[in-house]
Every structure is written in C-alpha cells, then in structure tokens.
Amino acid sequence: MNERQLRAYKLALETGTLVQAARMMNVSAPAVSQMLTALEEELGFALFNRRQGQVSPTPHGRFFLQAAERAISSFDAAREVGQMLRRNPLGQIRVSVSPGTTLQTVPRVVAKFRKEFPDCQVSVQARTSPHTVELISHQVVDFGVVDAPFHEGKGDGVTFRSPLHCVFRAGHPLASRKTVTPVDLQNFQLVTLSEDLHSTQKLLEAFRAAGTDPKRVAECNLFASVIATALYSDLVGFAPGNKTAHAKDLAEMDKRPFEPSVFYECSVLQSEGRDLLTERECFLELLLEELSMELGPPHSDRE
C-alpha cells in the first residue's frame, strides 16, 4: 500500500470514474486501474462497485476511505514539514491562523517580536481551522489560532470569547442606536464571514429566532475584509472586539453591540515542540497579549 494508491482511490470516489481520477493524477486510466486492483488484492476485499465506467464504494470501501484520508493528510503534513525545513531549518517561529482572525493582530505581534529577536524568522500563514489543527498535531507549526468549535478537545489551548458588534461607516443611520437587533437590520444589506464558520451560523440563527430574513449580499473570510467592505459601502458588517482595536486602524468605522449576544470564539494552540524555547515563550506571550487587547481576557479567566 502506498500514497499513490490511496490518492487514486480517493480521487476515483470523488470523481466517480477511473478516467477522471487518472486525468487528475496525470497518468493513464489502465495505470489507475492497476493501482486500485493491487490495493484491493492487498486488502482482501473490494473497494468499488464498477458499472458502465462509473465507480461507487462498497460498504467496506466507504469505511476504508476514512483511513485513506487520514493517511493522505499525514503524507501531506510530512511533505510540508520537509519543505519548511528545506527553506529554513533553524531559527523560525511558524504560525498558522484561521481566516476569521483579525488581519491586524498577528502583524502587530510579529513587529513587537522582531524587536526582541531580530534574527529569528517568523512564518505566518492563513489556513482553515481544521488544517491548522492538523499541522499543530504533527508539529509542523508552533502556534495556531483556530475558530470555534475546531479547538474543542485539542488540549490546553487558550480560548477567547468576544461578542460580535455591528460595524458600519461613520454617519450610518444605525449610529443613533445604542444596540442593534435583527429587526433593526431588516431593511439593511449585510456582509458577514463565510457561512461555514461557527459565529456566522449563530448569527443567522439569531435572525431566524427573531423571525427576520437577513439580507446577506456579501461574505468574506477575514474580519478585516468584512469591516473594509462595510466602510466602502452602505453594508452593515459584524466583527468582534471589546476595544477600539479596529477603529484605531480604521478611523471612519463606527460600531454598536448586537443583540441578542452572538459570540466569536477562537483558541490559541501550540505544538509540543520545545525548540527555540525562549523565542516561543516570547511570541506566545505577545500573541495572547494582543488577542486580549482586541477580544478581551481569555475566556477561562471569566466567571
């Protein structure tokens, strides 16, 4: 059993045909067929039902797919480790952040960290929360910032929980209100984070509970992008923050609390690696400090 066989198997199920799987792997269809036949012979059971050029998984094949996907993910993680070590084998802090995380936070951390350790390189990459959790578990990255609920059960992470506010340009009609409700927003068009994120799902639930239909006309994968979209249009956005962390960068932004309360949650995870211990501790301290300034104290500190 090898990586190419597992990838061929996964692609065949995703596309429904061996021909399409072969095209995606840049090999011939007979080559893919031979790979999968050899895999089935090794396993001792059929993976596919084959009919008129189409393939579908057998019950055993459907269950085996989960193991295959985990193995492929491990291959990808190992490959990423190798690439990272080839580019810079020593003296690097590696950070993976969720798309929902505010764009300004980590750059501020990097700027402060570089003053303390100018010779230590920092690599910051935006990735999905599931991908970040995977990289943390394989020690590919030192720190990860992940959205809820992906942090649950992932060890001793530090969790932040901050209520969402409505954000809009200065002078917006909603600026006269102390709080904003779903009913208040029924005549306004909205921009939010992607619907697959936990905080957006909770936000939409609040609208449904109020009996209103949110007019979502735009979505972004960064809170900073949500804010900027609202500022350059008449749209109303949603972003967390207990301070004026955004406003100091975007002076024309105004915001009001959203009721009922909907919270954005994120957690800071760290790998078990112990290299660059002093640098890691400094970076973590700065990261938690910046997130506390922006989102409030860690959730575990609250009553």
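Above this text sits the structure in question.
Residues numbered from 1 in each chain as written. Predicted model: local features only at pLDDT ≥ 70, side-chain atom pairs only at ≥ 80, totals over all residues. Heavy atoms only, no water.

(A) Geometry of the pattern of salt bridges. One pass over the full model with this rule turns up 17 salt bridges. Linking E3 and R7 is a salt bridge whose minimum nitrogen-to-oxygen distance equals 2.8 Å. Here E3 pairs with R7, and both are found in helix 1 (residues 3-15), just four residues apart, close to one helical turn. R7 gets classed as partly exposed once you look at its relative accessible area, which sits at 25%. We note a salt bridge from E289 to K112, for which the minimum N-O separation is 3.7 Å. Of this pair, E289 sits in helix 9 (residues 277-295) while K112 sits in helix 5 (residues 105-116); the two residues are 177 residues apart in sequence, bridging distant segments of the chain. According to the relative accessible area criterion, E289 is partly exposed, its value standing at 37%. Using a relative accessible area of 33% as the deciding quantity, one classes K112 as partly exposed. Each member of the salt-bridge network shares a partner with another, and the members are R108, K112, E289, E290 and E294. (Salt bridge = Lys/Arg side-chain N within 4 Å of Asp/Glu carboxyl O. Helix = DSSP H or I, 4+ residues; strand = E, 2+ residues; numbered from the N terminus. Buried < 20%, exposed > 50% of the residue type's maximum accessible area, 1.4 Å probe, protein only.)

(B) The arrangement of the pairing of strand 6 (residues 158-169) in detail. The pairing of strand 6 with strand 11 (residues 263-270) spans six bridges and is antiparallel. Across the sheet, the residue bridging to V158 is V268, located in strand 11. Relative to strand 9 (residues 237-240), strand 6 runs antiparallel, the two being bridged by four bridges. Within strand 9, the residue paired with H165 across the bridge is A239. (Pairing = 2+ DSSP bridges.)

(C) Spotlight on the nonpolar core. Counting residues in hydrophobic clusters, the biggest one holds 49 residues, and the most contacted among them are L185, F238 and F258. Looking at this core element by element, the count peaks at seven residues for helix 9. Among the nonpolar cores identified, the runner-up in size contains 21 residues, and L11, A12, M25 and V32 belong to it. (Core = buried A, V, L, I, M, F, W, Y, C linked by side-chain atoms within 4.5 Å.)

(D) Representation of the pairing of strand 7 (residues 189-193). Of all five residues making up strand 7, four are buried, and the element is well covered by its neighbours. Note that strand 7 and strand 8 (residues 215-220) share five bridges and pair parallel. Its bridge partner being in strand 8, T192 is matched across the sheet by E219. Handedness of the crossover joining strand 7 and strand 8 through helix 7 (residues 198-209): right-handed. (Right-handed = clockwise from strand over helix to strand, strands pointing away.)

(E) Looking closely at unusual backbone geometry. The amide bond that connects E259 to the next residue, P260, takes the cis arrangement and shows omega of 5°. Its identity as a non-glycine residue notwithstanding, N26 has a phi of 60°, on the positive side. By the secondary structure assignment, N26 is in the loop between helix 2 (18-25) and helix 3 (29-43). Overall, N26 belongs to the exposed group, its relative accessible area being 71%. Phi angles above zero are rare outside glycine, and Q139 is one such case at about 60°. Locating Q139 in the fold gives a position in the loop between helix 6 (129-137) and strand 5 (143-147). When its relative accessible area of 37% is taken as the criterion, Q139 is described as partly exposed.

(F) Region of interest: helix 2. L18, A21, A22 and M25 are the residues of helix 2 that are buried. Each buried residue of helix 2 sits inside an arc of 100° when the element is viewed along its axis, so together they form one side. Those residues of helix 2 that are exposed and angled more than 90 degrees off the buried face are R23 and M24. Contacts made by the buried residues of helix 2 are with helix 1, helix 3 and strand 2 (54-57). Looking one or two places after helix 2, you find N26, whose phi comes out positive at around 60°. (Arc of directions from axis to C-beta. Contact = heavy atoms within 4.5 Å.)

(G) Structural detail: the packing of aromatic side chains. What the rule picks out here adds up to ten aromatic pairs. Considering the side-chain rings of F207 and F238, the 6.5 Å spacing of their centres and the 90° angle between planes classify their relative orientation as edge-to-face. In this pair, F207 is assigned in helix 7 and F238 in strand 9, connecting sequence segments 31 residues apart. Given the relative accessible area of 1%, F207 is considered buried. You can call F238 buried: its relative accessible area is 2%. Aromatic pair F223 and Y264: ring centres 5.0 Å apart, planes at 90°, arrangement edge-to-face. With F223 in helix 8 (residues 223-231) and Y264 in strand 11, this residue pair connects regions lying 41 residues apart in the sequence. The residues F223 and Y264 share a single accessibility class, namely buried. An aromatic cluster is present here, built from Y9, F45, F48 and F64 joined pairwise through their rings. Just above the ring of F263 sits the side chain of R161; from NZ or CZ to the centre is 3.7 Å. (Phe/Tyr/Trp six-rings, centres within 6.5 Å; stacked < 30°, edge-to-face > 60°. Lys NZ or Arg CZ within 6 Å of the ring centre and 35° of its normal.)

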